Structures are given as structure tokens and as C-alpha cells.
Amino acid sequence: MGQMRLLLISGSTRDASTNTAALRTLAAVAPPGVTAELYSGLVALPAFTPDADDDAPHPAVADLRAAIATADAVIFCTPEYAGALPGSLKNLLDWTVGTGDLYGRPAAWINVAAPGRGAGARAELATVLRYVTVDLITEACADIPIARDAIGADGLVEDPHIRAALTAALHAVAAHLQARRSGTDSIP
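Residues numbered from 1 in each chain as written. Predicted model: local features only at pLDDT ≥ 70, side-chain atom pairs only at ≥ 80, totals over all residues. Heavy atoms only, no water.

A.B. asks: Which residues make up the overall build of the protein chain, and what are the values?
C.D. replies: Of the regular secondary structure elements, the protein chain holds 5 helices and 6 strands. The helix and strand sequence of the protein chain, counted from the amino end, reads β-α-β-α-β-α-β-α-β-β-α. Dimensions of the protein chain, computed from the C-alpha atoms along their principal axes, are close to 45 × 40 × 30 Å. Here the protein chain holds 188 residues, and the buried ones make up 47% of them. By sequence separation, contacts in the protein chain at least 24 residues apart represent 78% of the contacts at least 6 residues apart. Carbon and sulfur atoms form 54% of the exposed surface of the protein chain, whose accessible area is close to 8,800 Å². In the protein chain, 13 positive and 20 negative side-chain charges are present, and the distance between their average locations comes to 3 Å. (Helix = DSSP H or I, 4+ residues; strand = E, 2+ residues; numbered from the N terminus. Buried < 20%, exposed > 50% of the residue type's maximum accessible area, 1.4 Å probe, protein only. Contact = heavy atoms within 4.5 Å. Areas by Shrake-Rupley, 256 points an atom, 1.4 Å probe, with all protein chains shown as cover. Lys, Arg positive; Asp, Glu negative; His and termini not counted. Charge placed at Lys NZ, Arg CZ, Asp CG, Glu CD.)

Here it is in C-alpha cells:
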């Protein structure tokens, strides 16, 4: 299959976030040949300023761009704040627009909110991802509700059914990337 590198971006700045726990779990269950790295620079990003989006970006912005550039795919998992994307995640996405960092890049999202919640954030994320024309891996996009008590002391999801659903999403990303590499139009 060849080595694949996934960048995992949580829209939460909360230490005990179920979104971040889902992504940590994805990294833990990644099969051989797949490296999944959790992005940790969300809070370090300065507020997006178009005038600052130049050849000498803030170090945190440069780190974000480098992480995206070396990733084969990006997986987002975000909470919903006040019916929308958290400002910190929208800020991250704004930093990628002018330079086209996400244009054409394979991407997916996972929503871990309770049933009936998270639709506003999911809709806003979909709008931005369409705008930057990511290669959306729809087979990997999933609503996988995760309750706080499903997270172990190690920060990983313990529930085997949730882990299986996260693993299925991860395998859908890998299958999509493999299909892209082999030049096929359909996912096996």
C-alpha cells in the first residue's frame, strides 16, 4: 500500500475533548503503513490577518502549512460552539485559503456530537471544505457519537463499537488514498 501520512485536526481547545479523543484513537488504531499525526498548534495560531499572509508567516502558521503539505489527507473532528464552527478552527481554515494549502487535498470529517447535535459546525465545515475544493472522502465522513464516559484515563476511546466505527473511517481514508495512487476513479 505504501506509507500514508494523515493529519488529524481537532477543532477543540479543551483538554478533555471527545473530538480530540476520537482523533487520538484514530492515531492509535492506524494500521501499519499509516501514520496519523494529531495537530497540536491550534491555540498558537494568531488571528488571521490578510496583510500578514505573506512570504514570512508567523511560525505557527508556517508549522500548520508544513504539516498540511506533508500530509496525504486531513481528517477534521470539531465541536459545535453556538451553532457554528469554533472560532479557533475557522481561524485555522482561514490561514489556508489564500495560499491554497487544502486545495485538492483529500479530507474527511468525523462528528462525535450526540445525535441531533453538531449540524451547524458540520454544515459550516462543509461550506469551507467545498470552497477550498478539497477532495472530500465522503465514505470516511461519519457521525460517531462519543460520550465523555467512553474515554479512558489514557485519553482514548475505550468502547469497542466506537473504536470499530473510527477504524472503518480510517480504512475508508486509506482506501481512497490507495485508489488515488493507483489512478482509479472508484474506491474499492
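A.B. asks: Mind laying out the pairing of strand 2 (residues 34–38), listing which residues take part and the relevant values?
C.D. replies: With 5 bridges connecting them, strand 1 (residues 4–10) and strand 2 associate as parallel partners. Residue pairing for strand 2: Leu7 is matched across the bridge by Glu37. Handedness of the β-α-β unit built from strand 1, helix 1 (residues 18–29) and strand 2 comes out right-handed. (Pairing = 2+ DSSP bridges. Right-handed = clockwise from strand over helix to strand, strands pointing away.)

A.B. asks: Account for helix 4 (residues 119–131), with residues named and values stated.
C.D. replies: Relative to the 18 Å expected for 13 residues at 1.5 Å per residue, helix 4 spans 18 Å between its end C-alpha atoms, a close match to the ideal helical length. For helix 4, the set of buried residues is Ala121, Leu125, Val128 and Leu129. Burial along helix 4 is one-sided: seen end-on, the buried residues are contained in an arc of 100°. With respect to the buried face of helix 4, the exposed residues turned more than 90 degrees away are Arg130 and Tyr131. Close packing links the buried residues of helix 4 with strand 3 (73–77), helix 3 (87–97), strand 4 (106–111) and strand 5 (135–136). Immediately downstream of helix 4, the backbone of Thr133 shows phi near 50°, a positive value. (Expected span 1.5 Å × (residues − 1). Arc of directions from axis to C-beta.)

A.B. asks: If you had to explain the pattern of salt bridges to someone new, which residues and values would you point to?
C.D. replies: A complete count under the given rule lists 6 salt bridges for this structure. A salt bridge links Asp135 to Arg180; its shortest N-O distance comes to 2.7 Å. One end of the pair, Asp135, is in strand 5; the other, Arg180, is in helix 5 (residues 160–182), and 45 residues separate them in sequence. (Salt bridge = Lys/Arg side-chain N within 4 Å of Asp/Glu carboxyl O.)

A.B. asks: How would you sum up helix 2 (residues 59–69)? Please name residues and give values.
C.D. replies: Considered for burial, the residues of helix 2 that qualify are Ala60, Val61, Leu64, Arg65, Ala67 and Ile68. One face of helix 2 carries all of its buried residues, which in axial projection span an arc of 160°. Of the exposed residues in helix 2, those oriented more than 90 degrees away from the buried face are Pro59, Asp63 and Ala69. Packing partners of the buried residues in helix 2 comprise strand 1 and helix 3.

A.B. asks: Outline unusual backbone geometry, listing residues and values.
C.D. replies: In this structure, Ala82 is a non-glycine residue whose phi angle is positive, near 55°. The residue Ala82 is located in the loop between strand 3 and helix 3 in this model. Classification of Ala82 as exposed rests on a relative accessible area of 88%.

A.B. asks: Can you lay out the packing of helix 1 against helix 5 for me, pointing to particular residues and giving the numbers?
C.D. replies: Put simply, helix 1 and helix 5 touch, their axes get as near as 10 Å, and they point 70° apart. Put simply, helix 1 runs roughly perpendicular to helix 5. Handedness of the helix 1/helix 5 crossing: right-handed. Each of Ala22, Thr25, Leu26 and Val29 in helix 1 lies in contact with helix 5, whose residues at this interface are Arg163, Leu166, Thr167 and Leu170. Taken together, the residues of the contact of helix 1 with helix 5 break down into 5 nonpolar, 2 polar and 1 charged. (Axes fitted to C-alpha atoms, helices over the stretch in contact; angles between N-to-C directions. Parallel < 35°, antiparallel > 145°, perpendicular 65-115°, else oblique. Left-handed = near helix turned anticlockwise from the far one by under 90°. Nonpolar A, V, L, I, M, F, W, Y, C, P; charged D, E, K, R; others polar.)

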